Amino acid sequence: MFLAISTTGAPERPATDLGYLLHKHPDKTQAFSTSYGEAHVFYPEASAERCTAALLLELDAVALVRRGKGKGRGGAPDAALAQYVNDRPYAASSLLAVALSSVFSSAMKGTCQAKPELPARPLPLRVEVPALPARGGADLVRALFEPLGWAVSAEPVALDTEFPQWGDSRYVSLVLEGEQRLADALRHLYVLLPVLDDAKHYWVSSDEVDKLLRAGEGWLPDHPEQKLITSRYLSRRWSLTRQAMERLELVRLAETDDSAVEEIDNAVDERTDTEEAPVPLAVRRRDAIVAALRAADAARVLDLGCGQGQLVQALLKDTRFSEIVGVDVSMRALIIASRRLKLDRMGERQAERVKLVQGSLAYTDKRLKGYDAAVLSEVVEHLDLPRLPALEYAVFGSARPRTVIVTTPNVEYNVRWDTLPAGHVRHSDHRFEWTREEFRAWAGTVAERHGYGVEFVPVGPDDPEVGPPTQMAVFTMTTTTTATATHARTTTTAKGASDTKEEKAA
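Predicted model, so just to flag it, every value in this text is computed and none were measured.

Colleague: Can you walk me through the packing of aromatic side chains in this structure?
Modeller: The description of an aromatic ring pair uses the distance of the two centres, along with the angle that the planes make with each other. For the coordinates displayed, the defined rule picks out 10 aromatic pairs. Each ring, one from F396 and one from F475, has its centre 4.8 Å from the other, and the planes form 70°; the classification is edge-to-face. Placement of the pair is F396 in helix α15 (residues 388–399) and F475 in strand β14 (residues 470–477), with a sequence separation of 79 residues. Of the aromatic side chains, those joined through ring pairs into one cluster are F396, F432, W434, F439, W442, Y452, F456 and F475.

Colleague: What is the right way to look at the packing of helix α5 (residues 137–145) against helix α6 (residues 182–197) in this model?
Modeller: Geometrically, a packed helix pair is captured by the angle between its two axes and the distance between the axes. Two numbers describe how α5 lies on α6: the axes approach to 11 Å, and their chain directions differ by 155°. Overall, the two elements α5 and α6 adopt an arrangement that is roughly antiparallel. Here α5 runs over α6; the crossing is right-handed. Seen from α5, the contacting residues are L140, V141, L144 and F145; seen from α6, they are L189, L192, V195 and L196. A class-by-class count of the residues in the contact of α5 with α6 yields 8 nonpolar, no polar and no charged.

Colleague: Help me understand the side chain of E381, please; the structure alone is not making it clear to me.
Modeller: One can find E381 in the loop between β11 (373–377) and α15. Buried within the structure, E381 lacks any salt-bridge partner; R285 is the closest side chain of opposite charge, at an N-O distance of 7.3 Å. Once residues lying within four places of it in the same chain are set aside, the contact partners of E381 are T407, T408, P409, D429, H430, R431 and F432.

Colleague: Explain the nonpolar core to me, please; I cannot follow it from the model alone.
Modeller: General note: in soluble globular proteins, nonpolar side chains tend to be found buried as a group. Ranked by internal contacts, the top residues of the largest apolar core, which has 68 residues, are F145 and V191. Broken down by element, the residue count for this core peaks at 10 residues, all from α6. If you look at the next biggest cluster of nonpolar residues, it comprises 30 residues, including L368, A374, L376 and F475.

Colleague: Any chance you could explain the sheet that holds strand β6 (residues 151–158) here in plain terms?
Modeller: One open sheet holds the 7 strands; their spatial order is β2-β3-β4-β1-β5-β7-β6, and the pairing between them is antiparallel. Of all the strands in the sheet, the pair left with one neighbour each is β2 (30–34) and β6. Going from strand to strand, the sheet's axes swing by 15° on average, the running direction of each strand aside. Pairing geometry for β2 and strand β3 (residues 37–46), over 5 bridges, is antiparallel. Bridge assignment links S33 to a residue of β3, and that residue is E38. Seen against the sheet, α6 touches β1 (2–8), β5 (123–133) and β7 (168–180) and runs at an angle of roughly 15° to β5.

Quick notes on the rules
- Residues numbered from 1 in each chain as written.
- Predicted model: local features only at pLDDT ≥ 70, side-chain atom pairs only at ≥ 80, totals over all residues.
- Heavy atoms only, no water.
- Phe/Tyr/Trp six-rings, centres within 6.5 Å; stacked < 30°, edge-to-face > 60°.
- Helix = DSSP H or I, 4+ residues; strand = E, 2+ residues; numbered from the N terminus.
- Axes fitted to C-alpha atoms, helices over the stretch in contact; angles between N-to-C directions.
- Parallel < 35°, antiparallel > 145°, perpendicular 65-115°, else oblique.
- Left-handed = near helix turned anticlockwise from the far one by under 90°.
- Contact = heavy atoms within 4.5 Å.
- Nonpolar A, V, L, I, M, F, W, Y, C, P; charged D, E, K, R; others polar.
- Buried < 20%, exposed > 50% of the residue type's maximum accessible area, 1.4 Å probe, protein only.
- Lys, Arg positive; Asp, Glu negative; His and termini not counted.
- Salt bridge = Lys/Arg side-chain N within 4 Å of Asp/Glu carboxyl O.
- Core = buried A, V, L, I, M, F, W, Y, C linked by side-chain atoms within 4.5 Å.
- Pairing = 2+ DSSP bridges.

See below:
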């Protein structure tokens, strides 16, 4: 299994700089152990004018079968001899891709301590792979590599030169030429070699999605064959392919909007909360909430309307929050939150701190009782105004956490958004947006009715004319609850029960 990378140079920019980039000296022949054999790196030629680095992978067929355990082409169970008689030692595949990432790991990351300026420099590269399996033929090889800036030569290999009437095999002799950064070239090969082979020698798990996105950074989100690449790289596992495609779409949207992925991957779509650099409004809002929770000395926290889990993720980074519960009515949002938090790979101790549950904030829920604090971040404005009393009682009257934090947009600040048409709310799902006076009036009434005190905190730049973009109220339970407040809660309970009956009757 063989691959060669060549470049040309001049006395002022010698081709032997390739050795610095690969972290392998041209005067040495080096050997590296892999799980399936031994990889050799050597330089057939090395001068200022031209330099070629070669990677030769010698496979241990027995080790391949033993580690394959009946899965993949290395341990195919369909024929007794297929385990030992196959193309694995000769044809480029996922085995060669893994060797590339192992032997040239620093080069793939684009690091070079000896000459830090080299990784960013495009080089005239020539890549040769004498035997490449290509399910889809030479046309697919060109469709995969040409959009990346390569000039592609993919010559089909005859089944047998003695019998030309037998036609061509599924293998091609590949030559790529182009001006590329070496790190980009290696990442192209790392992803596309197993894609063309359409098989992997190891079990594909969820961490392969992360590997694909790391290697595909900068080129895969916009590749015209993105779906085919993703599906084949992940061995056609539908769930992993869907997960990767969703994340790639977020990357594409973020690049289009010139934003970070975290800014747009939000359940309430914080792309509309466009904030001047350097700190986005979404980040300022989370920071303000976390600061308020710390000030309240809260350890057990509810994130009500948690969406895709951004706040839960931020709270997990602080060990003072011993229990974090994310609640949302959308199961899809909870699934995305679970992926974001990597719950399936989280350590046992960390996993004990977090829980995601489905629930509606319009109804009382005994699971939400007994917590130190609850957060309603950009939630209330998504409810119809007649539904607010039900949410109010469910949180302040039934769950009754010691601290409640509510954030909501300040409609007065909307005139400061250049991209927001006059008279429009920030998000199409907002049922209303309050002025500062309206928000203070609502919060004051809620606090008085349920025995809380309330303070108001601006989030974002506090404009002297229109106030901050986000307004935040911090409710703190008072030490005593007046009889009036108790009576009011009872009245609200009765009203909520009546409303529920009417809704069911309707």
